[in-house]
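Letter by letter, the chains look like this.
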Amino acid sequence: MMQPETTDTNEHCNGEAGTNESGQATPLIIGLIAIALLAVTVMLAATQINGQARRLLGVADGASTAAADDYLVQLSGGDLSLKLTDATVRESAAKYLSQTRAGTYFSGLSIQEASASPDGRTAHLKLSARVHPPLVNWIVPEGVTVSVESDARVHLEQ
């Protein structure tokens, strides 16, 4: 008696026969790596911009404080009062930025607004500068403009 020939049913499961799916993971891995690199680049740029904005805010705080310290003293009818003007705030802020050489640390640093409050006791300053984040300069070659505002108030106590 002859025995029937048996076939191995596992032949189709081991990948040697049937559909070939090798190489299908490569595009997925490349895509995931590209997304991860893009996310790292964006986070690095955002961190750089945030850090420069904080540094610029520190400069603006110093400049507005210097402007508030450059007040005019007025004496009228025996009352002593302190007065800030738009011109003194702008001049004092510009002098502070020049003395601290802040323009060497920030690209395109400028005073956008320098004013005194109507009561003449608060100096308001708005500075702007351009930040050039790493790795994305080819997307935004002119940089990202960052603006900050700072106020400083004159207070006289007896």
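For every chain, the first residue of the written sequence is number 1, and numbering continues from 1 along that sequence. Only residues with pLDDT of at least 70 get local features here, since the model is predicted, and only at 80 or more are side-chain atom pairs given and counted; chain-wide, interface and lining totals rely on the full set of residues. With hydrogens and water set aside, each side-chain value is computed from the structure's full complement of heavy atoms.

*Asks:* With reference to specific residues and values, describe the overall build of the protein chain.
*Replies:* The secondary structure listing takes helices from DSSP runs of H or I that are at least 4 residues long and strands from runs of E that are at least 2 residues long, numbered from the N terminus. For the protein chain, the count of helices and strands is two helices and five strands. Its helices and strands in sequence order give the protein chain the pattern α-β-β-α-β-β-β, from N to C terminus. Residue exposure (1.4 Å probe, protein chains only): buried if accessible area is under 20% of the type maximum, exposed if over 50%, otherwise partly exposed. Taking all 158 residues of the protein chain together, 27% fall into the buried category. Contact definition: two residues touch when any of their heavy atoms are within 4.5 Å. Sequence separation of 24 or more characterises 56% of the internal contacts of the protein chain that already satisfy a separation of 6 or more. Surface accessibility follows the Shrake-Rupley procedure with a 1.4 Å probe radius. Residue values consider only the protein chains on display as shielding. Per element, the accessible surface of the protein chain, about 11100 Å² overall, is 56% carbon and sulfur.

*Asks:* Give me helix H2 (residues 86-99): which residues, what numbers.
*Replies:* Compared with an ideal rise of 1.5 Å per residue, which puts 14 residues at 20 Å, H2 spans 20 Å between its outermost C-alpha atoms and is within 8% of the ideal. The complete set of buried residues in H2 reads Thr88, Val89, Ser92, Ala93 and Leu97. Seen from one end, H2 has its buried residues packed into an arc of 160°, which puts them on one side. Counted as exposed and oriented over 90 degrees from the buried face of H2: Glu91, Lys95, Ser98 and Gln99. Turning to H2, the residues buried within the fold contact helix H1 (25-68), strand S3 (107-116) and strand S4 (122-131). One or two steps after H2, the chain reaches Arg101, where phi turns positive at roughly 50°. For a helix, the expected span equals 1.5 Å multiplied by the residue count minus one. Of all possible arcs, the one meant is that of the directions from the helix axis to the C-beta atoms.

*Asks:* Give a description of the nonpolar core that names residues and reports values.
*Replies:* The definition of a nonpolar core used throughout is a set of buried Ala, Val, Leu, Ile, Met, Phe, Trp, Tyr and Cys residues joined through side-chain atoms within 4.5 Å. Counting 26 residues, the largest nonpolar core has Leu56, Val89, Ile111, Leu125 and Leu127 as the members making the most contacts within it. Of all the elements in the fold, those that place two or more residues in this core are H1, H2, S3, S4 and strand S5 (144-153). Take this core: its biggest share by element is seven residues, from H1. Ignoring anything within four residues of it in the chain, the contact list for Val89 reads Ala67, Leu84, Ala114, Ser115, Ala116, Ala123 and His124.

*Asks:* Describe the sheet that holds S3, naming the residues involved and giving the relevant values.
*Replies:* Strand order in the open sheet made by the three strands is S3-S4-S5, with antiparallel pairing throughout. Across the chains shown, the open sheet's two edge strands, defined by having one partner strand only, are S3 and S5. Within the sheet, the average angular offset between the axes of one strand and its neighbour, ignoring direction, is 15°. In this fold H1 packs onto S3, S4 and S5, with an angle of close to 30° to the strand it touches most, S5. Between N-to-C directions, angles span 0 to 180 degrees; the directions come from axes that are lines fitted to C-alpha atoms, helices contributing only their stretch in contact. With respect to the sheet, H2 is in contact with S3 and S4, its orientation differing from that of S3 by roughly 150°. Paired strands, in this sense, are two strands between which DSSP finds at least two bridges.

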